[in-house]
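Here is what each chain is made of, one letter per residue.
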Number of protein chains: 2
Amino acid sequence: MDVFEAIATTRAMRRLDAGRPVSDADVLKVVEAATKAPTGGNSQPVRWMVVRDPDKRRRLGEIYQACWAPVHDFYATQADGSPDVARMLRSADHLGEHMGDAPVLLLPCSRGQVGQAEASVFPAVQNLFLAARALGLGTTLTTVHRLQEGEVRAVLGIPDDVTTWAMIPMGYPTGRWAEAPRRPVAEVTYWDTWKEPPPSRG
Amino acid sequence: MDVFEAIATTRAMRRLDAGRPVSDADVLKVVEAATKAPTGGNSQPVRWMVVRDPDKRRRLGEIYQACWAPVHDFYATQADGSPDVARMLRSADHLGEHMGDAPVLLLPCSRGQVGQAEASVFPAVQNLFLAARALGLGTTLTTVHRLQEGEVRAVLGIPDDVTTWAMIPMGYPTGRWAEAPRRPVAEVTYWDTWKEPPPSRG
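Just so it is clear, the structure is predicted and the values come from calculations on it, not from any experiment.

Novice: Whenever I open this one, the interface of chain A and chain B confuses me. Can you help?
Specialist: The accessible area lost on association of the parts is a frequent measure of interface size. Listed as interface residues are 72 residues of chain A and, on the opposing side, 72 residues of chain B. Among the residues chain A hides against chain B, the three largest losses belong to R182, D192 and W194 of chain A. Together they make up 13% of the total. Breaking the side of chain A that touches chain B down by element, the ones donating at least two residues are helix 1 (3-9), helix 2 (24-35), strand 1 (47-51), helix 3 (54-79), helix 5 (122-134) and strand 6 (189-191) of chain A. A class-by-class count of the residues in the side of chain A that touches chain B yields 42 nonpolar, 14 polar and 16 charged.

Novice: Just to check I follow, could you spell out helix 5 (residues 122-134) of chain B for this structure?
Specialist: Along an α-helix, a turn takes 3.6 residues, which lines up residues three or four apart on a common side. All names here are of chain B. With 13 residues, helix 5 ought to run about 18 Å at 1.5 Å a step, and its terminal C-alpha atoms sit 19 Å apart, in line with that. Helix 5 sits mainly inside the fold: 12 of its 13 residues count as buried. Phi for G136, located one or two positions after helix 5, is positive at around 85°.

Novice: Explain the pairing of strand 1 of chain A here, please?
Specialist: The side chains of a regular strand alternate between the sheet's two faces. With 5 of 5 residues buried, strand 1 of chain A is to be regarded as a mostly interior element. Side chains R47, M49 and V51 of chain A project from strand 1 of chain A onto one buried face, and the interleaved W48 and V50 of chain A project onto a second face that is buried too. Bridge count for strand 1 of chain A against strand 2 (residues 104-110) of chain A is 5 bridges, and the pairing is antiparallel. What sits directly across from M49 of chain A, in strand 2 of chain A, is L107 of chain A. Of the strand pairs in this sheet, strand 1 of chain A and strand 6 (residues 189-191) of chain B are connected by 3 bridges, and their pairing is parallel. What sits directly across from W48 of chain A, in strand 6 of chain B, is T189 of chain B.

Novice: Would you mind showing me how to read the pattern of salt bridges here?
Specialist: Proximity of charged atoms lets side chains of opposite charge pair with each other. Evaluation of the coordinates by the stated rule reveals 16 salt bridges over all chains. The closest approach of N and O atoms between E149 of chain A and R153 of chain A, which form a salt bridge, is 3.3 Å. One end of the pair is E149 of chain A and the other is R153 of chain A, both in helix 6 (residues 149-156) and 4 residues apart, which spans about a single turn. Pair check on accessibility: E149 of chain A and R153 of chain A agree, each one buried. With a shortest N-O distance of 3.1 Å, R87 of chain B and D84 of chain B are connected by a salt bridge.

Novice: Looking at this structure, how should I read the packing of helix 3 of chain A against helix 4 (residues 83-98) of chain A?
Specialist: Helix-helix packing is described using two parameters, namely the angle between the two axes and the distance between the axes. All names here are of chain A. Axis separation between helix 3 and helix 4 bottoms out at 9 Å; the angle between their running directions is 165°. What the angle tells us is that helix 3 and helix 4 run roughly antiparallel. Crossing of helix 3 against helix 4: the hand is left-handed. The segment helix 3 lies against helix 4, with G61, Y64, Q65, W68, H72, Y75, A76 and A79 engaging V85, M88, L89, A92, D93, L95, G96 and E97. Tallied by class, residues from the contact of helix 3 with helix 4 come to 10 nonpolar, 4 polar and 2 charged.

Novice: What exactly am I supposed to notice about the relation of the copies chain A and chain B here?
Specialist: The relation between the two chain copies is a rotation about an axis coupled with a shift along that axis. Turning chain A through 180° and shifting it by 0.0 Å along the axis lays it on chain B, with an RMSD of 0.0 Å. Such a turn and shift between the copies fits a two-fold axis. Interface residue correspondence from chain A to chain B reaches 100%, placing this contact among same-surface, isologous pairings.

Novice: Where do I start with the state of the cysteines in this structure?
Specialist: Here is the idea: a disulfide is a covalent bond, and it sits between the sulfur atoms of two cysteines. In total, this model carries 0 disulfides over all chains according to the counting rule given. The thiol of C109 of chain A is unpaired, and the distance to the nearest cysteine sulfur, on C67 of chain A, comes to 15 Å.

Novice: Explain a negative patch on the surface to me, please; I cannot follow it from the model alone.
Specialist: Together, D2 and E5 of chain A together with D2 and E5 of chain B give the surface a local cluster of negative charge. If you trace the backbone, D2 of chain B turns up in the segment before helix 1 (3-9). Here D2 of chain B falls in the partly exposed class, since its relative accessible area comes to 33%.

Novice: I'm lost on the environment of L135 of chain B in this one. Help?
Specialist: By the secondary structure assignment, L135 of chain B is in the loop between helix 5 and strand 3 (138-139). For the pair L135 of chain B and I158 of chain B, spaced 23 residues apart in the sequence, the C-alpha separation amounts to 29 Å. Filtering out sequence-adjacent residues up to four positions away, L135 of chain B remains in contact with F4 of chain A together with D26, K29, V30 and Y172 of chain B.

Novice: Where do I start with the packing of aromatic side chains in this structure?
Specialist: Given two aromatic rings, one states the distance between the centres and the angle between the planes to describe the pair. One pass over the full model with this rule turns up 6 aromatic pairs over all chains. For the pair F74 of chain B and Y75 of chain B, a centre-to-centre distance of 5.4 Å together with 65° between the ring planes defines the contact as edge-to-face. Residue F74 of chain B is classed as partly exposed on the basis of its relative accessible area of 46%. Centre to centre, the rings of Y190 of chain B and W194 of chain B are 4.8 Å apart; their planes meet at 75°, and the pair counts as edge-to-face. Like W194 of chain B, Y190 of chain B is buried. Members of the aromatic cluster, joined through ring pairs, are W68, F74 and Y75 of chain A. Across the ring face of F4 of chain B, the terminal group of K29 of chain A is positioned such that the distance to the ring centre comes to 4.5 Å. Seen from the ring of W177 of chain A, R133 of chain A lies directly overhead, with NZ or CZ sitting 4.1 Å from the centre.

What counts as what
Residues numbered from 1 in each chain as written. Chains lettered and ligands numbered in written order. Predicted model: local features only at pLDDT ≥ 70, side-chain atom pairs only at ≥ 80, totals over all residues. Heavy atoms only, no water. Contact = heavy atoms within 4.5 Å. Buried area = accessible area lost by both parts, 1.4 Å probe. Helix = DSSP H or I, 4+ residues; strand = E, 2+ residues; numbered from the N terminus. Nonpolar A, V, L, I, M, F, W, Y, C, P; charged D, E, K, R; others polar. Expected span 1.5 Å × (residues − 1). Buried < 20%, exposed > 50% of the residue type's maximum accessible area, 1.4 Å probe, protein only. Pairing = 2+ DSSP bridges. Salt bridge = Lys/Arg side-chain N within 4 Å of Asp/Glu carboxyl O. Axes fitted to C-alpha atoms, helices over the stretch in contact; angles between N-to-C directions. Parallel < 35°, antiparallel > 145°, perpendicular 65-115°, else oblique. Left-handed = near helix turned anticlockwise from the far one by under 90°. Least-squares fit on C-alpha atoms with pLDDT ≥ 70 in both. Disulfide = S-S within 2.5 Å. Patch = residues over 30% accessible without salt bridge, like charges linked within 9 Å, V, L, I, M, F, W, Y side chains within 5 Å. Areas by Shrake-Rupley, 256 points an atom, 1.4 Å probe, with all protein chains shown as cover. Lys, Arg positive; Asp, Glu negative; His and termini not counted. Charge placed at Lys NZ, Arg CZ, Asp CG, Glu CD. Phe/Tyr/Trp six-rings, centres within 6.5 Å; stacked < 30°, edge-to-face > 60°. Lys NZ or Arg CZ within 6 Å of the ring centre and 35° of its normal.

In structure tokens, the structure reads:
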């Protein structure tokens, strides 16, 4: 798949086919893609927790659901009649109930201070998403489990000084691939000075 | 370019051709790729500062060089005879002297707390790197300018409550594209339990 097509059509896929297995080889292929991303001083701090065990997925799903509830309420107060937000909330609520049903859960983990290590973590997450997309596998980036991170660590035997940066469900999506709605590039680009618009594309 | 090839061969390109211009269309194309990345609640908080003006690039280059000096010293004490670290340091020292010569400097900026907003910033940075790679443009992720972030804001007119997450030089590289050295995937992947190795591939 062309890299621009992968970039354009990789979006949050929150409805996954719980009954369609994902091969170990594909899991390792997407994690390998993640390892290619840059890290500060090439320190490569991330360790990838791959969760396949059904009981552990179920327990992580319960933790995720408990963490999602207050976040749902926050977004619901913000929705304010927006159909886009309402659609996202329905999809996110589905994930809240079904995180543990995803065939694979992936958690990038590392030591390193909150507020400093992220630049060595999240580029890798995007590589993983794009590689998954190219294999037909859906993913989505979630971080709300960190409200109960100690319980997540307990399920997986992760040391207390290790941060679990994200919880990423992966599986074959039940929905279709498409471009996500985003602001036009000219609206989010400033040229030489804050708020100065870019030249129009010629 | 195939997405797996782009992922495998995107590495820090710190030696850029100062004399070969980069088109505005290509700048906007890589920023557009960045906008496709996920953000928390699709909030799309990032604004992309594109710096083309030679005087502003020179001033940012001076700030970067001042910030790089102590970081160089830190890595130098860690190098401990490692040829990999020594090679990286030579390349990073070159960038320390020539940041302002890059045809384009890109700074992803947003409001949002340090330690929380990064998950909505750095996936976009990786999209930008991969799109640049596909266009033959080199980039590298740097964050040390934040040691003097107030001075960076002053050059570009950025408000005090906006974080400048990275300073990314972009241009045609003088070196060759190749895979960066990374640990094997089996060394950085744990299966169901911390430190438990993955199944062997194949």
